[in-house]
Amino acid sequence: MPVFLNASAPEFEAAFTALLSAKREEAVDVDDTVAAIIADVRARGDAAVIELTAKFDKLELTPDRLAFSPAEIAAEVAKVPADERAALELAAARIRAYHERQRPADARWTDDTGAELGWRWGPVAAAGLYVPGGLASYPSSVLMNAIPAQVAGVERLVICAPTPGGVVNPLVLLAAQIAGVDTVYRIGGAQAVAAMAYGTDTIAPVDKITGPGNAYVAAAKRRVFGRVGIDMIAGPSEILVIADKDNDPDWIALDLLSQAEHDESAQSILITTDEGFGRAVADAVGKRLKTLERRAIAGASWRDYGAVIVVRDLAQAAALSDRIAPEHLELCVADPDALLAQIKHAGAVFLGHWTPEAIGDYIGGPNHVLPTARSARFSSGLSVLDFMKRTTLAKMTPEALRAIGPAAEQLATSESLQAHGLSVRARLDCLNR
Ligand SMILES: NC(=O)c1ccc[n+]([C@@H]2O[C@H](COP(=O)([O-])OP(=O)(O)OC[C@H]3O[C@@H](n4cnc5c(N)ncnc54)[C@H](O)[C@@H]3O)[C@@H](O)[C@H]2O)c1
Ligand SMILES: N[C@H](CO)Cc1c[nH]c[nH+]1
Ligand SMILES: [Zn+2]
């Protein structure tokens, strides 16, 4: 059973704080392991990547087999049944249509001094897309990573996706083909992140690493940040469902389990205004766990990190939700838009009874690579902007320099940065001659 809390009880605050601070992916041993892996890959390159892949993924590779060959990709892709291909193509089209709307606009204007100002957007040159593959394989994450990168105009895209025991999901390679990425490395974990950040003899370094992964991947992305850009911390999955009593407990139970089945470190929480409904959902989860294929993973996640919280009203639910800042938030209430208006922090919101979170995982259109571990307080889901940079532009005319240059000179003096001031003064003097 997960924890069952009543938000009006005196002991609630302590229990809720403990729930929020549960160290699902920040254990010191994970970070220590990751630090050692990154150092090893930096020092020994391909040899380290190959040894670590043998150790963690039970797969023996050689430098020339780190990437799938075109012939291997063609052979795997040929195995995909037509209905699976059609579903993937529909998903790709919907994800592309959604992300095309995110293309940002350049801007340029002249202010009242005559100065031309603005900004220009441009893509990063090379991006490394992490596609998880330890406990499950994620063709959908190929599309969610690669399509926004392509819409942004990134020139070089590579994918890293582990294949434990050498077992390949052909749909991962088909998704890469549909998205137009032809370099797919069969490596994962911190070693893949390190290889993409620092480069090896075989793997050229990239400028930005995106994509979800387990605690080791998330810790590795944190550590390589600065050497490369990263999108966000997109670690073990989370769902928070806010539901009133007018829901089918089994639907809500399945929604909670849909994220619990990703990882033992995943977290599923129900907040409800009705205690009886909360107990019915907990019972339904128990029943479903008896038959779910991934019951070992989902059961451990629900037992260790799951929670049912009973609140007095939806306003209290919204306030608690903001403190959780969940990756996914389902609003299964009569007026979800009214409740949405009270929500400030969530990676992705799913409105109403007919929007199970799984729609967002696969086919809705919005990205499923989303901030976890409360980082939705300051991060957003993966988007076209994550693959772009904004360069600011400024162009002075003599008149503009005359108007604002003296203030720059003044500020340079205040900061005791003489050359700064002189660089402006030299031009002003020229204008005054
Ligand atoms: N937040 C998001 O947007 C999002 C999206 C999809 C999936 N996810 C999450 O991604 C994760 C996928 O995890 P996964 O495990 O299936 O695949 P993964 O590819 O993230 O991790 C597998 C790799 O972890 C490394 N690893 C495993 N145990 C290790 C150990 N003891 N020491 C060092 N390295 C180790 C191995 O190198 C292995 O290749 C899940 O937590 C899921 O919830 C998150
Ligand atoms: N729920 C995951 C994000 O936390 C994404 C996903 C992919 N496939 C299934 N689910
Ligand atoms: Zn999911």
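Rules behind the numbers
- Residues numbered from 1 in each chain as written.
- Chains lettered and ligands numbered in written order.
- Predicted model: local features only at pLDDT ≥ 70, side-chain atom pairs only at ≥ 80, totals over all residues.
- Heavy atoms only, no water.
- UniProt positions renumbered as here; feature names shortened; annotations may be inferred.
- Pairing = 2+ DSSP bridges.
- Helix = DSSP H or I, 4+ residues; strand = E, 2+ residues; numbered from the N terminus.
- Contact = heavy atoms within 4.5 Å.
- Axes fitted to C-alpha atoms, helices over the stretch in contact; angles between N-to-C directions.
- Buried < 20%, exposed > 50% of the residue type's maximum accessible area, 1.4 Å probe, protein only.
- Salt bridge = Lys/Arg side-chain N within 4 Å of Asp/Glu carboxyl O.
- Donors = N, O, S within 2.8 Å, 3.2 Å for Na, K, Ca; no water.
- Tetrahedral: all angles 85-135°; square planar, octahedral: opposite > 155°, others 65-115°.
- Near = heavy atom within 4 Å.
- Polar contact = N/O pair within 3.5 Å; in protein donor to acceptor, adjacent residues only side chain to side chain.
- Areas by Shrake-Rupley, 256 points an atom, 1.4 Å probe, with all protein chains shown as cover.
- Nonpolar A, V, L, I, M, F, W, Y, C, P; charged D, E, K, R; others polar.
- Parallel < 35°, antiparallel > 145°, perpendicular 65-115°, else oblique.
- Left-handed = near helix turned anticlockwise from the far one by under 90°.

An unreviewed UniProt entry lists the chain under the name Histidinol dehydrogenase, from Roseibaca calidilacus. Comment text from UniProt for the chain, heading Catalytic activity (unreviewed entry), reads "L-histidinol + 2 NAD(+) + H2O = L-histidine + 2 NADH + 3 H(+)". Here the chain is described in UniProt, under the heading Function (unreviewed entry), as follows: "Catalyzes the sequential NAD-dependent oxidations of L-histidinol to L-histidinaldehyde and then to L-histidine."

Another aspect to go through is the sheet that holds strand β7 (residues 208–210). One open sheet accounts for five strands, arranged β6-β5-β4-β7-β8; its pairing is parallel. Looking at strand neighbours, the two that pair on one side only are β6 (183–185) and β8 (229–230), the edges of this open sheet. Note that strand β4 (residues 126–130) and β7 share three bridges and pair parallel. Directly across from L129, in β7, lies its bridge partner T210. Along the sheet, helix α6 (residues 139–152) makes contact with β4, β5 (156–160) and β7, crossing β5 at roughly 170°.

With that settled, the discussion passes to helix α13 (residues 314–324). Among the residues of α13, Q316, A317, A318, L320, S321, D322 and I324 are the ones counted as buried. Where α13 is buried, its residues contact α1 (12–20), β9 (238–243), β10 (267–272), β11 (307–310), β12 (328–332) and α14 (336–340). Just downstream of α13 lies A325, where phi reads positive at about 50°.

Right, let's get into the pattern of salt bridges. Here the structure, examined in full by the defined rule, presents 16 salt bridges. Each of D40, R44 and E51 takes part in one network of salt bridges that share partners.

Coordination of the zinc ion (ligand 3) by the protein comes from H262 (NE2) and D361 (OD), over a distance range of 2.1 to 2.2 Å. In this structure, the zinc ion (ligand 3) is coordinated by four donor atoms arranged in irregular fashion, with angles at the metal of 84 to 177°. Of the two residues, H262 sits in the loop between α10 (249–260) and β10 while D361 sits in helix α15 (residues 357–362), which places them 99 residues apart along the sequence. Each of the two residues, H262 as well as D361, counts as buried.

Another point: the site of ligand 1. Lining the immediate surroundings of ligand 1 are 30 residues, of which D57, Y130, L135, S237 and D263 lie closest. Residue N214 places a main-chain N or O atom 2.8 Å away from an oxygen atom belonging to ligand 1. Within the complex, the protein chains bury 89% of what would otherwise be the 870 Å² of accessible surface of ligand 1. Those elements giving two or more residues to the shell around ligand 1 turn out to be α3 (46–57), α8 (189–198) and α9 (215–224).

Look at the UniProt record and you will see "binding site: substrate" (unreviewed entry) annotated at S237, Q259, H262, H328, D361, E415 and H420. Maximum C-alpha separation among the annotated residues is 54.9 Å over a sequence range of 184 residues, too wide for a single clustered spot. Mapped onto the secondary structure, Q259 falls in helix α10. Given a relative accessible area of 1%, Q259 falls into the buried group. Setting aside residues up to four positions removed in sequence, Q259 forms contacts with S237, E238, I239, A266, S268, H328, E357 and D361. Side-chain polar atoms of Q259 contact the side chain of S258, separated by 3.3 Å.

Attention shifts here to the site of ligand 2. With respect to spatial proximity, the complete set of residues near ligand 2 consists of Y138, S140, S237, Q259, H262, E327, H328, E357, D361, Y362 and H368. Note that an oxygen atom of ligand 2 is positioned 2.6 Å from one of the side-chain N or O atoms of E327. Here D361 contributes a side-chain N or O atom positioned 2.8 Å from a nitrogen atom of ligand 2. Contact with the protein chains covers 93% of the free accessible surface of ligand 2, which is 290 Å². In terms of residue count, α15 provides more of the shell around ligand 2 than any other element does, three residues in total. Residues of the shell around ligand 2, tallied by class, amount to two nonpolar, six polar and three charged.

With respect to topology, three strands assemble into an open sheet ordered β2-β3-β14, the strand pairing being antiparallel. Edge positions in the sheet fall to β2 (107–110) and β14 (388–395), since each has one partner strand and no second. Shown here is a sheet whose adjacent strand axes are inclined to one another by a mean of 15°, direction ignored. Summarising the sheet, strand β3 (residues 116–123) and β14 pair through eight bridges and their orientation is antiparallel. Bridge pairing in β14 links W119 to T392.

Another point: the packing of helix α4 (residues 70–77) against helix α7 (residues 170–179). At a closest axis distance of 8 Å, the pairing of α4 and α7 adopts a crossing angle of 110°. Comparing their axes, α7 and α4 come out roughly perpendicular. Relative to α7, α4 is oriented so that their crossing is left-handed. The residues of α7 that touch α4, namely those facing I73, E76 and V77, are P170, L173, L174 and Q177. Considering only residue class, the contact of α4 with α7 consists of five nonpolar, one polar and one charged.

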